[in-house]
Amino acid sequence: MTRILKVGAAQLGPIHRENNRKEVVERLIALLNKGAVESCDLVVFPELALTTFFPRWWSEDISEFDHFFETEMPNQEVQPLFDEAEKLGVGFHLGYAEMTPDGHRYNTAILVSKNGDMLGKYRKVHLPGHEENEPWRTFQHLERYYFEPGNELKVFGAFDGVLGMAICNDRRWSETYRVLGLQGCELALIGYNTPVHYPPDPSQDVLAGFHNHLVMQSGAYQNGMWVVGVAKAGNEEGCDLLGESSIIAPSGEIIAQCSTVEDELVSAVVDLDMCANYKETLFDFDRYRRPEVYKSITSQVGVEIPEGIEVRKQDDENPEG
Ligand code: CDT
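Every value quoted in this text rests on a predicted model; they were computed, and no experiment measured them. Each chain carries its own residue numbering, running from 1 in the written order of its sequence. Local features in this predicted model are restricted to residues of pLDDT 70 or higher, and side-chain atom pairs are both shown and tallied only at a pLDDT of 80 or more, whereas totals for entire chains, interfaces and linings draw on every residue. Only hydrogens and water are set aside; all other atoms, that is, all heavy atoms of the structure, feed into the side-chain values.

Enquirer: Please give an account of the packing of helix H4 (residues 174-181) against helix H5 (residues 208-223) that cites residues and values.
Expert: Between H4 and H5, the least distance of the axes is 9 Å, while the angle of their chain directions is 30°. It follows that H4 is roughly parallel to H5 by the angle criterion. Considering the relative orientation of H4 and H5, their crossing is right-handed. Where H4 abuts H5, its residues Tyr 177, Arg 178 and Gly 181 lie against Val 215, Met 216, Gly 219, Gln 222 and Asn 223. Per-class residue counts for the contact of H4 with H5 are 3 nonpolar, 4 polar and 1 charged. The axes used here are C-alpha line fits, helices contributing only the stretch in contact, and every angle between their N-to-C directions lies in the interval 0 to 180 degrees. The secondary structure listing takes helices from DSSP runs of H or I that are at least 4 residues long and strands from runs of E that are at least 2 residues long, numbered from the N terminus. Throughout this description, any angle smaller than 35 degrees is read as roughly parallel, any larger than 145 degrees as roughly antiparallel, any in the 65 to 115 degree range as roughly perpendicular, and the remainder as oblique. Less than a right angle of anticlockwise turn of the near helix away from the far helix marks a crossing as left-handed, whereas a clockwise turn marks it as right-handed. Contacts are residue-level and defined by heavy atoms, with any inter-residue pair within 4.5 Å sufficient. Under this grouping Gly is polar, as are all residues other than the nonpolar Ala, Val, Leu, Ile, Met, Phe, Trp, Tyr, Cys and Pro and the charged Asp, Glu, Lys and Arg.

Enquirer: Help me get a handle on the nonpolar core, residues and values and all.
Expert: Counting 47 residues, the largest nonpolar core has Leu 187, Leu 189, Val 227 and Val 228 as its most contacted members. Not counting residues within four places of it along the chain, the set of residues in contact with Val 228 comprises Val 7, Ala 9, Val 44, Leu 187, Ala 188, Leu 189, Ile 190, Ser 246 and Ile 247. Residue types Ala, Val, Leu, Ile, Met, Phe, Trp, Tyr and Cys, when buried and joined through side-chain atoms within 4.5 Å, form a set referred to as a nonpolar core. Each residue's exposure class comes from its accessible area (1.4 Å probe, protein chains only) as a fraction of the maximum for that residue type: buried when under 20%, exposed when over 50%, partly exposed otherwise. In this structure, Val 24, Leu 32, Val 78 and Leu 265 belong to the second largest nonpolar core, which totals 26 residues.

Enquirer: Quick rundown of the site of the ligand? Include the residues and the values.
Expert: Near the ligand you find 14 residues, and of these Lys 124, Cys 168, Asn 169, Arg 172 and Thr 194 are the closest. Under the rule applied, a polar contact is a pair of N or O atoms within 3.5 Å (in protein, one hydrogen donor and one hydrogen acceptor; residues adjacent in sequence only if both atoms are side-chain atoms). Within the contact set of the ligand, an oxygen atom lies 2.7 Å away from a side-chain nitrogen or oxygen of Lys 124. Within the complex, 91% of the 360 Å² of free accessible area of the ligand lies under protein. Whether a residue is near a molecule or strand is decided by its heavy atoms; if any one of them lies within 4 Å of it, the residue is near. For the area figures, the Shrake-Rupley method with a 1.4 Å probe applies, and any residue is considered shielded solely by the protein chains shown.

Enquirer: Before we move on, could you go through the pattern of salt bridges and cite the residues and values that matter?
Expert: Salt bridge, as used here, is a side-chain nitrogen of Lys or Arg placed within 4 Å of a carboxyl oxygen of Asp or Glu. Across all of its chains, the model carries 18 salt bridges by this definition. Arg 3 is the partner of Glu 186 in a salt bridge, and the nearest nitrogen-oxygen pair spans 2.6 Å. With a gap of 183 residues between them, Glu 186 in the loop between H4 and strand S8 (187-192) and Arg 3 in the segment before strand S1 (4-11) connect regions that are remote in the sequence. Of the residues examined, Glu 186 reaches a relative accessible area of 10% and is grouped as buried. Connected through shared salt-bridge partners, Arg 3, Glu 186 and Asp 273 make up one network.

Enquirer: Give me the lowdown on the sheet that holds strand S12 (residues 246-248), citing residues and values where you can.
Expert: Pairing within the open sheet is mixed, and its 6 strands lie in the order S6-S7-S8-S9-S12-S13. Edge positions in the open sheet fall to strand S6 (155-158) and strand S13 (254-257), since each of these has one partner strand only. Each neighbouring strand pair of the sheet contributes to a mean axis angle of 20°, computed without reference to strand direction. Sheet topology places S8 next to strand S9 (residues 226-231); 6 bridges connect them, and they run parallel. The residue bridging Gly 191 from the neighbouring strand is Val 230, located in S9. Docked against the sheet, H4 engages S6, strand S7 (161-167), S8 and S9, running at close to 160° with respect to S7. Contacts between H5 and the sheet are confined to S8, S9, S12 and S13, with S12 contributing the most and set at about 30° to the helix. Pairs of strands are assigned from DSSP output, requiring at least two bridges between the strands.

Enquirer: Outline the pairing of strand S5 (residues 118-123), listing residues and values.
Expert: Strand direction decides the pairing type here: strand S4 (residues 105-112) and S5, joined by 5 bridges, are antiparallel. The residue of S5 that forms the bridge with Ala 109 is Tyr 122.

Enquirer: An account of the environment of Ile 4 is requested, with residue identities and associated values reported.
Expert: Structurally, Ile 4 is set in strand S1. According to the relative accessible area criterion, Ile 4 is partly exposed, its value standing at 45%. Each C-alpha atom, one on Ile 4 and one on Met 73, is 29 Å from the other, the two residues being 69 residues apart in sequence. Look past the residues within four positions of Ile 4 in its chain and what remains in contact with it is Asp 41, Val 269, Val 270 and Asp 271.

Enquirer: Give me the packing of aromatic side chains: which residues, what numbers.
Expert: Note on aromatic pairs: the rings of Phe, Tyr and Trp (six-membered ring only in Trp) are paired at centre separations within 6.5 Å, and the planes decide the class, stacked below 30 degrees, edge-to-face beyond 60, tilted for the rest. Counted under the stated rule, the structure contains 15 aromatic pairs. Between Phe 54 and Phe 69 the ring centres are 5.3 Å apart and the planes differ by 55°, which places this aromatic pair in the tilted class. Of this pair, Phe 54 sits in the loop between strand S2 (42-44) and helix H2 (79-88) while Phe 69 sits in the loop between S2 and H2, placing them 15 residues apart in sequence. The pair Phe 54 / Phe 69 is uniform in exposure class, with both members buried. The interplanar angle of 70° and the centroid separation of 4.8 Å between the aromatic rings of Tyr 145 and Tyr 146 together place this pair among those described as edge-to-face. Judged on exposure class, the residue Tyr 145 and its partner Tyr 146 are both buried. An aromatic cluster is built from Phe 54, Trp 57, Trp 58, Phe 65, Phe 68, Phe 69, Tyr 145, Tyr 146 and Phe 147, whose rings are joined through pairwise contacts.

Enquirer: Can you lay out the packing of helix H1 (residues 21-37) against H2 for me, pointing to particular residues and giving the numbers?
Expert: Put simply, H1 and H2 touch, their axes get as near as 10 Å, and they point 10° apart. Judged by the angle between their axes, H1 and H2 are roughly parallel. Every pair of crossing elements has a handedness; the one defined by H1 and H2 is right-handed. Residues Val 25, Leu 28, Ile 29, Leu 32, Asn 33 and Ala 36 of H1 form the contact with H2, whose own contacting residues are Pro 80, Leu 81, Glu 84, Ala 85 and Leu 88. Across the contact of H1 with H2, the residue classes break down as 9 nonpolar, 1 polar and 1 charged.

Here's what the structure looks like:
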């Protein structure tokens, strides 16, 4: 059995505050149709694909932004996307802000089948930014105020393979890919909203594109999985968001990449069996991993320099030199 999928990375341009769900869903449906024209089995939309990236604003009253959250999925406004998926026979991945019936807020992504059925849900584990208003910033990054973290990185048996989901900042953490990789993940779907400007250290701004690809390409290679990284891009409410959505092979190579910062779909043939080239050779986990040496990865959060390790001046290391 060959396990070949056609996957579309459906990048979105900016969504502004005044854009309502109906307008946004129409854009998603247009991209889904582009995917269908390119014979896609699965189309991947970004993080928070139904709204602007509202955590860039502080509000003293957190409930002021409740209208950016979906209280059920699908709901009346998003149902047309599910219907279109079923009509076209194209599955999709979608990021959105979720509000549970008991009032918990998450940064969430779902996986939907070609029949429009919900296959899986993921809640962002690594929430970046800060918890409180920091007025010195050009814009805020208040995910840690507006969302609670998810507690699970899991995989789903779907689209002939083992699929995983992660959201934006999750992609910068090697643990994300490895935990998915240890569950046999063959295709990781990752939406993002990445401001090009990073207020705590603007020297990183010119490296935003490099870092984006660096983490996803290494995650793909080191775990023998495909990675699809999809942006909400462009100038959203005065904040420049990175584009460069891409489809990355288990070799770590970029196979397809968006060239604009607007609504754009690129697609690629994804051969899931190619994962075995890496999973069964160089990255044969069973054979080569040494978990007994990695205990600090799960027992420790921050850096702990072991007792007895002193930071010495270079001159002290080699007095003769
Ligand atoms: N949305 C998201 O997770 N964005 C982060 C920005 C990091 S800076 C606070 C990212 O990792 O791209």
